[in-house]
Amino acid sequence: MTSEDPKPEGQPGEFQAALRGLCPQCGEKTLFAGFADFAPKCSNCGLDYGQFNVGDGPTVFLTMGIGTLAVLLGLWVHFTFEPPLWLLAVLLTPLILGSTLYGLRISKGWLLQAEYWRKAKPANTKDVIHPDHDRGES
Ligand SMILES: [Zn+2]
């Protein structure tokens, strides 16, 4: 592992690990308990997944991005092929639901991998530099 590549030895890349739901510490497929819900901890190495603060951050971006693409695709299909609206709804609904849910699983897994590999944690008072700290130095 180098400073530019935080990937642990023997692990696939962040995106591959997220796609496969791998534990960032041991590489076993234990990250998810449900479709997009993290397991409480790794059943192989005991890594506590609850310590990571992934939250629902990716949800807004996924919903807005996929919604925009779906509207553009719907408009293109509507004006190009002129299908009935019910057919457009039948075609786009599973595409929107599937890409949003699967995208949520991948993006949450990706964020957790990134947090683990970069040792991200919430800042505390020791991380804040006092404004007078650098005066007179260097
Ligand atoms: Zn593990």
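Residues numbered from 1 in each chain as written. Predicted model: local features only at pLDDT ≥ 70, side-chain atom pairs only at ≥ 80, totals over all residues.

### Some remarks on helix H2 (residues 57-81)
Note on helix geometry: an α-helix contains 3.6 residues per turn, so any two residues three or four positions apart are oriented the same way.
No. 1: Compared with the 36 Å implied by 1.5 Å per residue over 25 residues, the 36 Å span of H2 between its first and last C-alpha is a close match.
No. 2: Residue Glu 82 follows H2 closely and has a positive phi angle near 50°. (Helix = DSSP H or I, 4+ residues; strand = E, 2+ residues; numbered from the N terminus. Expected span 1.5 Å × (residues − 1).)

### Side note on the packing of H2 against helix H3 (residues 85-117)
No. 1: Interaxial distance between H2 and H3 falls to 9 Å at its minimum, and their mutual angle equals 155°. In terms of orientation, H2 lies roughly antiparallel with respect to H3. Read as a crossing pair, H2 and H3 show a hand that is right-handed. Taken together, the residues of H3 that come into contact with H2 (itself represented by Gly 57, Pro 58, Thr 59, Leu 62, Thr 63, Ile 66, Ala 70, Gly 74, Val 77 and His 78) are Leu 88, Leu 92, Leu 95, Ile 96, Ser 99, Thr 100, Gly 103, Leu 104, Ser 107, Lys 108 and Leu 111.
No. 2: For the contact of H2 with H3, a count of residues per class yields eleven nonpolar, nine polar and one charged. (Axes fitted to C-alpha atoms, helices over the stretch in contact; angles between N-to-C directions. Parallel < 35°, antiparallel > 145°, perpendicular 65-115°, else oblique. Left-handed = near helix turned anticlockwise from the far one by under 90°. Contact = placed C-beta atoms within 7 Å. Nonpolar A, V, L, I, M, F, W, Y, C, P; charged D, E, K, R; others polar.)

### Some details on the environment of Leu 97
No. 1: Position of Leu 97 among the secondary structure elements: in helix H3.
No. 2: Leu 97 gets classed as exposed once you count the C-beta atoms within 10 Å, which come to 11.
No. 3: Along the sequence, Leu 97 and Thr 63 sit 34 residues apart, while their C-alpha atoms lie 9.7 Å from each other. (Buried ≥ 20, exposed ≤ 12 C-beta atoms within 10 Å, placed from the backbone.)

### Focus on the nonpolar core
No. 1: Residues Ala 17, Ala 18, Leu 22, Cys 23, Leu 31, Leu 47, Tyr 49, Leu 112 and Tyr 116 constitute the largest nonpolar core, which totals nine residues.
No. 2: For this core, the elements supplying multiple residues, two or more each, are helix H1 (14-20) and H3.
No. 3: Ignoring sequence-local partners within four residues, the contact set of Leu 112 consists of Pro 24, Tyr 49, Phe 52 and Val 54. (Core = buried A, V, L, I, M, F, W, Y, C linked by C-beta atoms within 7 Å.)

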